[in-house]
Amino acid sequence: MQVIKEIKKIDYPEPVITIGNFDGVHIGHQKIFDYIKRKAKQIQGASVVITFNPHPIKVLYKEHPLKLITTNEDKIRLIAQCGVDLLISIPFTQEFAQIEPEDFVKNILVDNLNAKWIVVGYDYKFGKGRKGDRELLTKLGKIYGFSVTVLKAYKKNGKILSSTAVRNALFEGNIKEANQFLGRAYHIDGEVIKGAGRGSSILGYPTANIVPKQEIIPKEGVYAVKVTIPFLNNKNSDSYKTLKGVANIGNNPTFGNININYEVHILDFKKNLLGKTIRVHFIERLRDEKRFISPEELKYNIARDIEVAEKIFKKDRTKLFLDF
């Protein structure tokens, strides 16, 4: 997949284009990408995805509490895995936001991209003030000679599958539903930092403490996870391996902490990961974080968490995103 991070003329035959933010690159997005690939094949054209960076809400409403599911880098890699021909990541600015819908279509979609087919979702809006909609797009298509397809909402578990639905599931700790919507395990990446050391010295379960890069962290609690780490025997290697683990998100109330910590115990693994970037894939939520009366009680419950997690891993078939 070619990636272009600016608006310019492209030399692709019969472009079939879809436009959106595509945060999370969930199953609904993937179905759109599958559609434009099929349509492009039918007309011997090219499949083209247009997205924006940063997310328009981040520019237009800076106080808005929107948290994104994926980093921009992950979004690009995930779209690439969907097999489209071209991704255009348009820098979204206040100036760009002032483009009228008609000018966006003529100057960008027609003059620069030579659009032959536009595919959008049922609730698509575009242009200054979000004044453009599917009706206007269809009308302009008749003027400029491109076709328009509006896809219906895709539902999963009786819910319209959207980035908002994924976010809500993550905030609620409903990892199984979030993963069903995404078509893969939700993950966070983070550099391993020095922690308090209680996992090793007091509990006998060493943990890797991380600083997450992603904006959305699942609800506080204990999770069965899979952890992708770089091979440690070759500093120049781009290879990784994935191990089982149990993660805790919270403030460790047994020890009276205040700040939220993100830590993971990797099963049957004792090497030092300090300074390494690891990826934590969330498979299933095990329980709420609890305050125990003693470290011994906490240690006993960690052992139980591991037993439950091992049972989950035996039947788990969740797809993982391993492209760093």
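Read on for a plain summary of the structure. (Residues numbered from 1 in each chain as written. Predicted model: local features only at pLDDT ≥ 70, side-chain atom pairs only at ≥ 80, totals over all residues. Heavy atoms only, no water.)

1. Quick notes on the sheet that holds strand β11 (residues 221-230)
So, step 1. If you walk around this closed barrel you meet the 6 strands as β9-β10-β13-β12-β11-β14, and the pairing is antiparallel. Adjacent strand axes in the sheet meet at a mean angle of 45° when their direction is disregarded.
So, step 2. Relative to strand β14 (residues 277-287), strand β9 (residues 186-193) runs antiparallel, the two being bridged by 6 bridges. Note that in β14 the partner of Y186 across the bridge is F282. (Pairing = 2+ DSSP bridges. Helix = DSSP H or I, 4+ residues; strand = E, 2+ residues; numbered from the N terminus. Axes fitted to C-alpha atoms, helices over the stretch in contact; angles between N-to-C directions.)

2. Focus: the sheet that holds strand β4 (residues 86-91)
Sheet strands associate in pairs through backbone hydrogen bonding, adopting either a parallel or an antiparallel arrangement.
So, step 1. Pairing is parallel across the open sheet formed by 6 strands, whose spatial order is β1-β4-β3-β2-β5-β6. The strands lining the two open edges of the sheet, one partner per strand, are β1 (2-4) and β6 (147-151). Pairwise comparison of adjacent strand axes, ignoring direction, gives a mean angle of 20° for this sheet.
So, step 2. In this sheet, strand β5 (residues 117-121) lies alongside strand β2 (residues 15-19) in parallel orientation, the contact comprising 3 bridges. Among the inter-strand pairings, I17 is bridged to a residue of β5, identified as I118.

3. Some remarks on the packing of aromatic side chains
So, step 1. The full count for this structure, using the stated rule, is 8 aromatic pairs.
So, step 2. Ring plane angle 65° and centroid distance 5.0 Å describe the contact between F22 and F33, whose orientation is recorded as edge-to-face. Of this pair, F22 sits in the loop between β2 and α1 (27-42) while F33 is found in helix α1, placing the two residues 11 residues apart along the sequence. F33 shares its class with F22; the two are buried.
So, step 3. With a centroid separation of 5.9 Å and an interplanar angle of 50°, the aromatic rings of F52 and F96 are classed as tilted. With F52 in strand β3 (residues 46-53) and F96 in the loop between β4 and α4 (101-110), the pair connects residues that are 44 residues apart, well separated along the chain. Across the pair, F96 and F52 agree in class, each one buried.
So, step 4. One aromatic cluster is present, built from ring pairs that chain together F52, F92, F96, F104, Y124 and F126.
So, step 5. A cation sits over an aromatic face here: K39 above W117, 4.3 Å from the ring centre. (Phe/Tyr/Trp six-rings, centres within 6.5 Å; stacked < 30°, edge-to-face > 60°. Buried < 20%, exposed > 50% of the residue type's maximum accessible area, 1.4 Å probe, protein only. Lys NZ or Arg CZ within 6 Å of the ring centre and 35° of its normal.)

4. Let's talk about α4
So, step 1. Taken together, the buried positions of α4 are P101, F104, V105, I108, L109 and V110. Taken down its axis, α4 places every buried residue within 155° of arc, on the same side.
So, step 2. Each element contacted by the buried residues of α4 is listed here: β2, β3, β5 and α5 (134-144). (Arc of directions from axis to C-beta. Contact = heavy atoms within 4.5 Å.)

5. A short note on the packing of α4 against α5
So, step 1. It is at 11 Å that the axes of α4 and α5 come closest, and there the two elements cross at 50°. As the angle between them shows, α4 and α5 are arranged oblique. Handedness of the crossing formed by α4 with α5: right-handed. On α5, the residues touching P101, E102, V105, K106 and V110 of α4 are L136, L137, L140 and Y144.
So, step 2. In terms of residue class, the contact of α4 with α5 is made up of 7 nonpolar, no polar and 2 charged. (Parallel < 35°, antiparallel > 145°, perpendicular 65-115°, else oblique. Left-handed = near helix turned anticlockwise from the far one by under 90°. Nonpolar A, V, L, I, M, F, W, Y, C, P; charged D, E, K, R; others polar.)

6. Quick notes on helix α3 (residues 72-81)
So, step 1. Restricting attention to buried positions, one finds in α3 the residues N72, D74, K75, I76, L78 and I79.
So, step 2. Of the surrounding secondary structure, the elements contacted by the buried residues of α3 are β1, α1, β3, β4, β9 and β14.
So, step 3. In the stretch just after α3, G83 is the one whose phi turns positive, near 85°.

7. Quick notes on the environment of I249
So, step 1. Topologically, I249 is positioned in strand β12 (residues 240-250).
So, step 2. Distance in space between the C-alpha atoms of I249 and Y223 is 8.3 Å, their sequence separation being 26 residues.

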